[in-house]
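# A look at the structure
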Amino acid sequence: MRYMLLINNDEAALANTPVEKAQQMSAAYGAYTEALKKSGAWLAGERLRPTQATTSVRIADGKTNVIDGPYADTKEQLAGFYMIEAADIDTAIDWAARCPAASTGTVELRPIWEMADYMPKK
Amino acid sequence: MDSRPEIARAAAEAAARQSYGKLVAWLAARTRDVAAAEDALADAFAAALERWPRTGVPEKPEAWLLAVARRRRVDAVRRRLTSEAGRDHLKLIAEEAEARMTDEDLPDERLRLMFACAHPAIEPGVRAPLILQTILGFDAATIASAFLLSPATMGQRLVRAKGRIRETGIPFRVPERTELGERLDAVLEAIYAAFAEGWSDPAGTETRRRNLATEGIWLGRLVASLLPDEPEALGLLSLMLFAEARRAARRDPAGDYVPLAEQDHALWDHALADEAEALLGRAAAMGAIGRYQLEAAVQSAHVARRLSGRTDWMAIRELYDALFSIAASPVVAINRAVAIAETEGAVAGLAALYVLGDDRRLDGYQPYWAARAGLLARLGQQSQAVEAYDRAIGLERDPAVRRFLQARRTALIQ
């Protein structure tokens, strides 16, 4: 199964991280990504720019509203993602727990809705 | 009156549930789709529950269920197109299961199904209901009444949980050694929750709830037989059997509550107590102590009164000390305080209770107020004791226990 690991962090707190610790964190992410790739679980993964670079778009009454900032104000913000291949939720939970973000924020796990899941089998 | 038809009916029903659970588990383990597995077998299971008590249990119960499921499905397809998943399952059954059953029994995958139902990704409160439905085939309404919920609410929770098993990719497997302990705890906890729901109806007036205690024991026996080297699985079964052995003694002929220390031990089921004792001995010999073994040991110490004529409070106190150090909870703390009162006196017991005073959860917890009232009464603190009894009476939902507390309170002010 394919799973999305959504990384949520307290952006403001992370912005105040001392340089040395930030470098350590960055190295930890590097090692984690490498481990995912070596084991064949890695499908994709990126870090997102902070929410100050976010633009939200929605259409109401035929008008396109462009909003400066994220859709919802939350304590933690989406900061990046990994997409992985895992046999089941247990394997996915193992990977999520190894992600450095699991110790600084929250890793939300969502299964990908595969095409095969909503195409009725004949 | 002759109770044989009743016994035959119960035996047939147990066999139907056993075969049904094995088939649901076998199918679901292959597709992760619990709802579709249940769907495929629903009609056949209903037919078995209706027919087997009259005709007796067929020689190959699982093959019987499958054959009926296939025939019914053909009828249903003629009338309307039923769920795709249900049909797929029946194809699976036809091709694999029946071939397998000609020369050997269907492999028992119920344990795997139980581990899926009690997975950490499933909300704790729905794990026991889910096990009761998938393994034993109880409908949502029966389970809802046992857990004091509306059938609609229970139905929704069960549907959602089954959806989660399929969609989040919860595996059907017995966890590996390293993580077995924690996962087994969740399975045992769910079984104990089912048992406790049934146990909380001591008068046995509500048949469905009393059945739940029986089903809890049945599931406990199943897990203990499938994992015979897990001391906690044996410990839980022992604990449930000790409790069940005392069922008849919990009420006097007038239906009034009898506290454990005052129960007539001639009314205890000695065969069950002996079995519980033997299980606990086997578990203890494995050398890995745990919550259920300790709780069973407390029960054992209480039940030992049938032989020694007295309750060994010192041993009980030590067991609660150990229990408190590995699984501290308000319930354990209160029972420990009671044991301290029995060994060191009411003042020490009360002191142990007062230490808990800050825990807000205790405000609505009847046993805390009842224990406190009893100890205050022993110390002659009349007005405080009356106050505590009032709190306990107001929090009790069992009328027999309420009457008991009211009598104690009345005795105090006379």
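Only a predicted model underlies this, so the values are computations on that prediction, with no experimental measurement involved. (Residues numbered from 1 in each chain as written. Chains lettered and ligands numbered in written order. Predicted model: local features only at pLDDT ≥ 70, side-chain atom pairs only at ≥ 80, totals over all residues.)

### Examining the overall build of chain B
Note the cut-off: Counting from the N terminus, the helices are DSSP H or I runs at least four residues long and the strands are E runs at least two residues long. Each residue is classed by its C-beta neighbour count within 10 Å, where at least 20 other C-beta atoms makes it buried, 12 or fewer makes it exposed, and intermediate counts make it partly exposed; the C-beta atoms are placed from backbone geometry. This entry defines residue contacts through backbone-placed C-beta atoms, with two residues in contact when those atoms are within 7 Å.
Along chain B, the regular secondary structure elements total 20 helices and zero strands. By residue count, 41% of the 414 residues in chain B fall in the buried class. Across chain B, contacts joining residues at least 24 apart in sequence account for 63% of those joining residues at least 6 apart.

### What about the overall build of chain A?
Helix and strand counts for chain A stand at five helices and six strands. Listed by position from the N terminus, the elements making up chain A come as β-α-α-β-β-β-β-α-α-β-α. If one aligns the C-alpha atoms of chain A with their principal axes, the spans along those axes are about 55 × 40 × 20 Å. Taking all 122 residues of chain A together, the buried fraction comes to 14%. For chain A, contacts bridging at least 24 residues in sequence account for 76% of all contacts bridging at least 6.

### Some details on the nonpolar core
Residue and element names in this part refer to chain B. Put simply, the rule is: Only buried residues count toward a nonpolar core: Ala, Val, Leu, Ile, Met, Phe, Trp, Tyr and Cys, linked into one set through C-beta atoms within 7 Å. An automatic or database domain assignment supplies the residue ranges for each domain.
L41, I131 and I191 are the most contacted members of the largest nonpolar core, which has 128 residues in total. Among the elements that line this core, the one with the most residues is helix α11 (residues 231–245), at 10 residues. Per-domain counts for this core show at least three residues from each of domain 1 (1–108) and domain 2 (331–414). In this structure I131 touches M114, C117, A118, A190 and L219, once residues within four positions along its chain are discounted.

### Overview of the packing of helix α6 (residues 124–136) of chain B against helix α8 (residues 151–167) of chain B
All names here are of chain B. How we decide: What counts as an axis is a line fitted to C-alpha atoms, over the stretch in contact for a helix, and the angles between N-to-C directions run from 0 to 180 degrees. Any angle from 65 to 115 degrees is called roughly perpendicular, while one under 35 is roughly parallel, one over 145 is roughly antiparallel, and all others are oblique. Throughout this entry, Asp, Glu, Lys and Arg are counted as charged residues, while Ala, Val, Leu, Ile, Met, Phe, Trp, Tyr, Cys and Pro are counted as nonpolar. The remaining residues, Gly among them, count as polar.
Two numbers describe how α6 lies on α8: the axes approach to 10 Å, and their chain directions differ by 85°. In this view, α6 runs roughly perpendicular relative to α8, as classed from their interaxial angle. Contact with α6, carried on its side by V126, P129, L130 and Q133, involves M154, R157, L158 and A161 of α8 and no other residues of that element. Each residue belonging to the contact of α6 with α8 can be placed in one class, and the counts come to six nonpolar, one polar and one charged.

### Overview of the environment of A35 of chain B
Position of A35 of chain B relative to the elements: it lies in helix α2 (residues 34–55). As for A35 of chain B and I131 of chain B, which are separated by 96 residues in sequence, their C-alpha atoms are 13 Å apart.

### A closer look at the environment of L132 of chain B
All names here are of chain B. Its place among the elements puts L132 in helix α6. Note: C-alpha distance between L132 and I191 (59 residues apart in sequence) is 8.7 Å. With near-sequence residues (within four places) excluded, L132 lies in contact with F138, I143, A194 and E215.

### Focus on the sheet that holds strand β6 (residues 106–111) of chain A
Residue and element names in this part refer to chain A. Test applied: Only strands that DSSP links by at least two bridges are regarded as paired with each other.
Pairing within the open sheet is antiparallel, and its four strands lie in the order β2-β5-β1-β6. Taken across any chain shown, the strands that pair with only one partner, and hence form the sheet edges, are β2 (42–47) and β6. The mean inter-strand angle of the sheet, taken between neighbouring strand axes irrespective of direction, is 20°. Note that strand β1 (residues 2–9) and β6 share six bridges and pair antiparallel.

### Brief notes about unusual backbone geometry
A positive phi is found at D61 of chain A, a non-glycine position, where the angle reads about 50°. Of note, R32 of chain B is a non-glycine position whose phi angle comes to about 65°, a positive value. Summarising the element assignment, R32 of chain B is placed in the loop between α1 (4–31) and α2. Classification of R32 of chain B by C-beta neighbours within 10 Å gives buried; the count is 20.

### Considering helix α13 (residues 291–303) of chain B
Test applied: To estimate how far a helix should reach, multiply one less than its number of residues by 1.5 Å.
For α13 of chain B, spanning 13 residues, the distance from its first C-alpha to its last is 18 Å, which sits close to the expected 18 Å at 1.5 Å a residue. Among the 13 residues in α13 of chain B, 13 count as buried, and that is most of the element.

### Considerations on the pairing of β1 of chain A
Inspection of the sheet shows β1 of chain A paired to strand β5 (residues 77–85) of chain A by eight bridges, in the antiparallel sense. By the bridge assignment, I7 of chain A is partnered in β5 of chain A with G80 of chain A.

### Brief notes about the pairing of β2 of chain A
All names here are of chain A. The element β2 is barely covered by neighbouring structure, given that only zero of its six residues are classed as buried. Sheet topology places β2 next to β5; five bridges connect them, and they run antiparallel. Directly across from E46, in β5, lies its bridge partner F81.

### Some words on helix α2 (residues 19–38) of chain A
Residues and elements named next belong to chain A. Relative to the 28 Å expected for 20 residues at 1.5 Å per residue, α2 spans 29 Å between its end C-alpha atoms, a close match to the ideal helical length. With one of 20 residues buried, α2 lies mostly on the surface of the structure. Downstream of α2 by one or two residues, G40 has phi in the positive range, about 85°.

### Quick look at the environment of F81 of chain A
All names here are of chain A. Mapped onto the elements of the fold, F81 is located in strand β5. Considering only alpha carbons, one finds F81 and M4, 77 residues apart in sequence, at a separation of 6.9 Å. In this structure F81 touches M4, L5, L6, I7, G45 and E46, once residues within four positions along its chain are discounted.

### Quick notes on the confidence of the model for chain A
In low-pLDDT regions, the fine details of the predicted coordinates are not to be read closely. Keep this limit in mind: Scored between 0 and 100, pLDDT is the confidence that the predictor attaches to each residue.
Taken over all residues, the pLDDT of chain A has a mean of 91, while the share at 70 or more is 96%. Taken element by element, chain A is modelled with least confidence in helix α5 (residues 115–118) of chain A, mean pLDDT 74, and with most confidence in β1 of chain A, mean pLDDT 97.

### Concerning the packing of α6 of chain B against helix α9 (residues 177–199) of chain B
The description of two helices packed together rests on the angle between their axes and the distance between the axes. Residue and element names in this part refer to chain B. The interhelical angle for the contact between α6 and α9, taken along N-to-C directions, is 80°, at an axis separation of 8 Å. The angle between α6 and α9 falls in the class roughly perpendicular. Contacts between α6 and α9 pair R127, A128, I131 and L132 from the former with A186, A190, A193 and A194 from the latter. Considering only residue class, the contact of α6 with α9 consists of seven nonpolar, no polar and one charged.

### Concerning the confidence of the model for chain B
Scored by pLDDT, chain B comes out at a mean of 86, with 88% of its residues at no less than 70. Interface confidence for the predicted complex, given as ipTM, is 0.72, next to a pTM of 0.77.

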